[in-house]
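Report on the structure
One-letter residues, chain by chain:
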Amino acid sequence: MMQDIDDDRPSPPLEKPAESLLLRLVYMLIIAAMMSVAQSILFLVAVIQFVVVIIDKRQPNERLADFGCMVGAWIAKAARYLSVATDAKPWPFKEMD
């Protein structure tokens, strides 16, 4: 049986108007640049944390660890957006979780 064209099923992502694809491309470029900065920050946090562990008898700094986890979670959200696994943009386009 053939389904009616006007049914309520969501359309596949590629059937969106071209204008929204251009806007998505702009967001993707911005987020890709931010992701590069975030990776550098995460590397810097890792180096500082390693030095802290050496100096403080194998005790990591909790705030640095939490910050590193937050940056890592943001990178994961950005990767999902860049790979078009989700339409949810990461911070600063929405609240940080």
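Presented here is a report on the structure given in the accompanying data block. Everything numeric here is computed off the predicted structure, so don't read it as measured data. (Residues numbered from 1 in each chain as written. Predicted model: local features only at pLDDT ≥ 70, side-chain atom pairs only at ≥ 80, totals over all residues. Heavy atoms only, no water.)

**What to know about the packing of aromatic side chains**
Where we set the bar: To pair, rings of Phe, Tyr and Trp, with the six-membered ring standing in for Trp, must have centres within 6.5 Å; the planes then decide the type, stacked if under 30 degrees apart, edge-to-face if over 60, and tilted in the middle. Segments assigned H or I by DSSP are reported as helices when at least four residues long, segments assigned E as strands when at least two residues long, and all are numbered from the N terminus. Classification of residues uses two cut-offs on accessible area relative to the type maximum, computed with a 1.4 Å probe and protein chains only: under 20% is buried, over 50% is exposed, and between them is partly exposed. Each ring is checked for a lysine NZ or an arginine CZ that lies within 6 Å of its centre and within 35 degrees of its normal; such an atom marks a charge sitting over the ring.
Summed over the entire model, instances satisfying the criterion amount to one aromatic pair. With a centroid separation of 5.0 Å and 80° between ring planes, the pair formed by Tyr27 and Phe93 is classed as edge-to-face. Placement of Tyr27 in helix H1 (residues 18-55) and of Phe93 in the segment after helix H2 (62-82) is noted, with a sequence separation of 66 residues between them. The class of Phe93 is partly exposed, set by a relative accessible area of 33%. Of note, Arg24 hangs over the ring of Tyr81, and the distance from its end group to the ring centre comes to 4.0 Å.

**Examining the nonpolar core**
Here is the rule we go by: To form a nonpolar core, buried Ala, Val, Leu, Ile, Met, Phe, Trp, Tyr and Cys residues must be joined to one another through side-chain atoms within 4.5 Å. By definition, residues are in contact when any of their heavy atoms lie within 4.5 Å.
With eight residues, the main nonpolar core is built from Ile31, Met35, Ala38, Val71, Trp74, Ile75, Ala78 and Tyr81. Elements supplying a minimum of two residues to this core: H1 and H2. Ranked by residues supplied to this core, first place goes to H2 with five residues. Each residue touching Ile31, except ones within four places of it in the same chain, is listed here: Trp74, Ala78, Tyr81, Leu82, Pro90 and Phe93.

**Comments concerning a nonpolar patch on the surface**
Going by this rule: What makes a patch is a set of residues exposed beyond 30% relative accessible area and free of salt bridges, joined within 9 Å when like-charged and within 5 Å when nonpolar (Val, Leu, Ile, Met, Phe, Trp, Tyr). For every accessible area listed, the method is Shrake-Rupley and the probe measures 1.4 Å; residues are considered covered only by the protein chains on display. Salt bridges are defined by distance alone: a side-chain nitrogen of Lys or Arg within 4 Å of a carboxyl oxygen of Asp or Glu.
Judged by side-chain polarity, Val37, Ile41, Phe67, Met70, Trp91 and Met96 come together as a nonpolar surface patch covering roughly 520 Å² of accessible area. Elements with a minimum of two residues in the nonpolar patch: H1 and H2. By secondary structure assignment, the location of Val37 is in helix H1. On the basis of relative accessible area, Val37 is assigned to the partly exposed category, the value being 49%.

**Some remarks on the side chain of Gln49**
Selection criterion: Definition of a polar contact: a pair of N or O atoms within 3.5 Å, with one able to donate and the other able to accept a hydrogen when the atoms are protein atoms, and with sequence-neighbouring residues admitted only if both atoms are side-chain atoms.
Along the polypeptide, Gln49 turns up in helix H1. Residue classification places Gln49 among the buried residues on the basis of a relative accessible area of 12%. Looking at Gln49, its side chain comes within polar contact range of the main-chain nitrogen of Asn61, at 2.9 Å. Not counting residues up to four positions away in its chain, the partners in contact with Gln49 are Pro60, Asn61, Leu64 and Ala65.

**Here's the deal with unusual backbone geometry**
Only a minority of non-glycine residues have a phi that is not negative, and only a minority of peptide bonds are not trans. Residue Pro92 is reached from Trp91 by a cis peptide bond, and omega for that bond is 10°. When you line up the elements, Pro92 lands in the segment after H2. Within the chain, Lys57 stands out as a residue other than glycine whose phi angle is a positive 55°. Structurally, Lys57 is set in the loop between H1 and H2. Assessed through its relative accessible area of 72%, Lys57 is described here as exposed. Of note, Val84 is a non-glycine position whose phi angle comes to about 60°, a positive value. As for its placement among the helices and strands, Val84 is situated in the segment after H2.

So yeah, pure geometry; function would need other evidence.
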